[in-house]
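This is what each chain is made of:
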Amino acid sequence: MSNSVRRRVVSRIAEALCALAVVIALVPLVLILGYVIKQGAGSLNWAFFTQMPKPVGEIGGGMANAIFGTVVLIAIASFLAVPIGCICGIHLAEYPHTRFSSVVRFAADVLNGVPSIVIGIVAYSLVVLPVKRFSAIAGGVALGMLMIPIVVRTTEELIRLVPSGLREGALALGATRTRSVITVILPAALPGILTGVLVAIARVAGETAPLLFTSFNNRFWSTSLVQPIGSLTVQIFTYAISPYDDWHRQAWAGAFLLVMMILTLSIVARLAVRRLERMNRP
Amino acid sequence: MAGAVKAPRSIDDRIFRFGTGVFAAIVLLLVVGIGFELFRQSWLSITKFGLHFWTTRTWDPVAGDFGALPFIWGTLYSSLIALMLSTPIALGIAIFTSELAPRMLRQPLAYLTELLAAIPSIVYGLWGIFVLVPMVRRLELATPEWLKKVPLFHGPPLGVGMLTAALILAVMVIPFTSSVAREILKGVPMNQREAAYALGATRWEAIQVAIGFGRTGIIGAIMLGLGRALGETMAVTMVIGNNPQISASLFAPQYTMSAVIANEFTEAADELYLNALVEIGLLLFIITIAVNGISRLLIWSMKKRVRVAAATAPPPALVEERAA
């Protein structure tokens, strides 16, 4: 009898420890988000969005150039990664069981796990080294390579959410595969694919390491794709390790903006996926 | 799904298959290409130093003598500590959000913990510098003298160092392990637990049975976390102290492979120096490819087993509906 009591007590304790684990994980989440909001929200002002960085020693200024730079980098990355990633995802969803598809799927998953700094090195050697100049394009290429596997996998999964009845209906009417994909499957999967792109953007928007030696940094307004360009993340890094209080303040403001951007993107994506799942449930 | 209905075979379809296949091949090519580029750019260093590079600890750009051992040590040591801290917590989360929590709370709690993965590395680093480092420094100052004699706690109370880096890494890795482990546990067929309950098992014992069934996948989930920890750059660079020394001490400032690349890449003036840094990147690439590859294979073989188990399960009325 006492043995059974002991077992029940052990079970209770173990269950409580599991609940504790959730609490332990939520503590840093709350601490970090709380601190970013506390430090960042207060430092965020109109000048932050509209002004350029001031020289060392002068208080004030903003990160207008870095915000613009991040947008440019993401645009270049999306331009590269979205077509490749989506079409690859379509192939995986349409021919799910071929050996080729399994290998590609595996490659995409492995690519997803390659450290972003390594991707940065490759972008450096492909784009920066030949012309011996850091450039926005190099940064965009690095981010694009990071985006591809995410776009591939989310596109594939979200196309698979399209009810098979739709596909079968199209094929039964005598449509070829190309036609059924273009006129039936893609329109049905489009919201899902857009969601996948959002997820991928949210993931790479916060990347710093691959930009350090590709797009480098630029304290001035630059619209040239072949010149170094500033970015929110690299600017935060530069300011964070500097000894100036006002730069620290701006680093927090940048972090706040970045976190809000990424959280919004991922929450929107999450809600969209959930709606799609509910809509397509058989 | 597509196999259920045979599409008419036409030229059109063949073009479609080939055309989309080309884009799929680009992804394959990318992985191979990355490996090739890294090899090419580090060739000078590989041929000059050979194995010497991995086993020595001089890092002298001026004399052109490079040994990467301290960085390898730092990467492995920090990842190992991080994993020891994160694994129990991540598994606890996976169990709680798949088996124990009230149904209403499962999804929201899982989502909240996964938000940890949405915070960018640079923000972890920023928080690390300004909040965690001072906290760890206080902890180090409060460490009693006798404890500091133990090699594990030897060293000056700087705040930056191995402990801070490992703590941040642990937090960053948790969501990766917990979300995959949760998927695995959700996929374990109900009859495994029901059989345990039928034999009089307590709830925890039934969970252990489920974990036993899913162990392959759970090991995969832990390795996925390891892969993340090994390659993490910014947060670690900002708090580990960047001092190339091999020390068992948690309080000592050390250095990692990714951190040395991040710090020195832009100032690597001569070719040999650059090649040496790329060679570190190459090793990082090989290690993470191996770790991630094994992890994915484990998770896949687990999912296959789950499907087989589901196909041979008792009447569906008894089995709770679960997505594999």
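Worth saying up front: this structure is predicted, and the values here are computed from it rather than measured.

Criteria and thresholds
Here, residues in each chain are numbered from 1, in the same order as that chain's written sequence. Key to labels: chains lettered from A, ligands numbered from 1, both in the order written. Given that the model is predicted, a residue must reach a pLDDT of at least 70 before its local features are reported, and side-chain atom pairs must reach 80 or more before they are shown or counted; all residues, however, enter totals for whole chains, interfaces and linings. Helix numbering and strand numbering both begin at the N terminus, where a helix is a DSSP run of H or I of at least 4 residues and a strand a DSSP run of E of at least 2. Any residue with 12 or fewer other C-beta atoms within 10 Å of its own C-beta is exposed, any with 20 or more is buried, and the rest are partly exposed; the C-beta atoms used are placed from the backbone. It is the C-beta atoms, placed from the backbone, that decide contacts: two residues are in contact if theirs lie within 7 Å. Each residue is assigned to one class: nonpolar for Ala, Val, Leu, Ile, Met, Phe, Trp, Tyr, Cys and Pro, charged for Asp, Glu, Lys and Arg, and polar for all the others, Gly among them. Each residue carries a pLDDT value, the predictor's own confidence for that position, ranging from 0 to 100. Only the stretch in contact is used when a helix axis is fitted, and all axes are lines through C-alpha atoms; the angle between N-to-C directions ranges over 0 to 180 degrees. Crossing handedness: left-handed means the near helix sits turned counterclockwise from the far one by under a right angle, and right-handed means the same turn made clockwise. The term nonpolar core refers to a set of buried Ala, Val, Leu, Ile, Met, Phe, Trp, Tyr and Cys residues connected through C-beta atoms within 7 Å.

A. The arrangement of the overall build of chain B in detail. What chain B contains, in helices and strands, is 13 helices and two strands. Along the longest, intermediate and shortest principal axes, the C-alpha atoms of chain B span 70 × 65 × 30 Å. The proportion of buried residues among the 324 residues of chain B is 49%. Restricting to contacts in chain B with at least 6 residues of sequence separation, those with at least 24 account for 76%.

B. A look at the overall build of chain A. Counting its regular elements, chain A contains 10 helices and zero strands. Overall, chain A shows an N-to-C arrangement of helices and strands of α-α-α-α-α-α-α-α-α-α. Considering only C-alpha atoms, chain A reaches an extent of 70 × 70 × 35 Å along its principal axes. Burial statistics for chain A: of 282 residues in total, 51% are counted as buried. In chain A, once contacts between residues fewer than 6 apart in sequence are set aside, the share between residues at least 24 apart is 73%.

C. Fine view of the environment of Ala200 of chain A. Residues and elements named next belong to chain A. Residue placement: Ala200 occurs in helix α8 (residues 177-205). Since 30 C-beta atoms lie within 10 Å of it, Ala200 is described here as buried. Those residues in contact with Ala200 that lie beyond four places of it in its chain are Ala81, Met147, Ile150 and Val151.

D. Molecular detail of helix α9 (residues 203-213) of chain B. The set of residues buried in α9 of chain B consists of Trp204, Ala206, Ile207, Ala210, Ile211 and Phe213 of chain B. Packing partners of the buried residues in α9 of chain B comprise α1 (2-43) of chain A together with α3 (69-100), α7 (162-187), α8 (190-198) and α10 (215-231) of chain B.

E. Structural context of the interface of chain A and chain B. On the chain B side, the residues contacting the 80 residues of chain A number 74 residues. Sorting elements by how many residues they give to the side of chain A that touches chain B places α1 of chain A first, with 20 residues. The residue makeup of the side of chain A that touches chain B, split by class, is 57 nonpolar, 14 polar and nine charged.

F. Representation of the confidence of the model for chain B in the model. Residues and elements named next belong to chain B. Counting all residues, the mean pLDDT for chain B is 90, and 94% of those residues have values of 70 or more. Per-residue pLDDT, averaged within each element of chain B, yields its smallest value for helix α6 (residues 145-148) (85) and its largest for α3 (96). Reported confidence for the predicted complex is 0.93 by ipTM and 0.92 by pTM.

G. Region of interest: the packing of α3 of chain B against α7 of chain B. All names here are of chain B. At a minimum axis separation of 6 Å, α3 and α7 run at an interaxial angle of 35°. The handedness of the crossing between α3 and α7 is right-handed. For the contact of α3 with α7, the residue count by class is 19 nonpolar, eight polar and three charged.

H. Region of interest: the nonpolar core. Residues and elements named next belong to chain B. If you look at the biggest cluster of nonpolar residues, it comprises 187 residues, and the most contacted ones within it are Val123 and Val239. Considering every element that reaches this core, the biggest residue donor is α7, with 17 residues. Discounting chain neighbours no more than four positions away, the residues touching Val239 are Gly125, Gly128, Ile129, Leu132, Val133, Val160, Thr164, Ala165 and Ile168.

I. Region of the structure containing unusual backbone geometry. Of note in this structure, Lys132 of chain A is not a glycine but carries a positive phi near 55°. With respect to the helices, strands and loops of the structure, Lys132 of chain A is situated in the loop between α5 (116-131) and α6 (136-160). Exposure remark for Lys132 of chain A: the 6 C-beta atoms within 10 Å place this residue in the exposed category. The phi torsion at Asn242 of chain B lies on the positive side, around 50°, for a residue other than glycine. When you line up the elements, Asn242 of chain B lands in the loop between α11 (234-239) and α12 (257-264). A tally of 19 C-beta atoms within 10 Å means that Asn242 of chain B is categorised as partly exposed.

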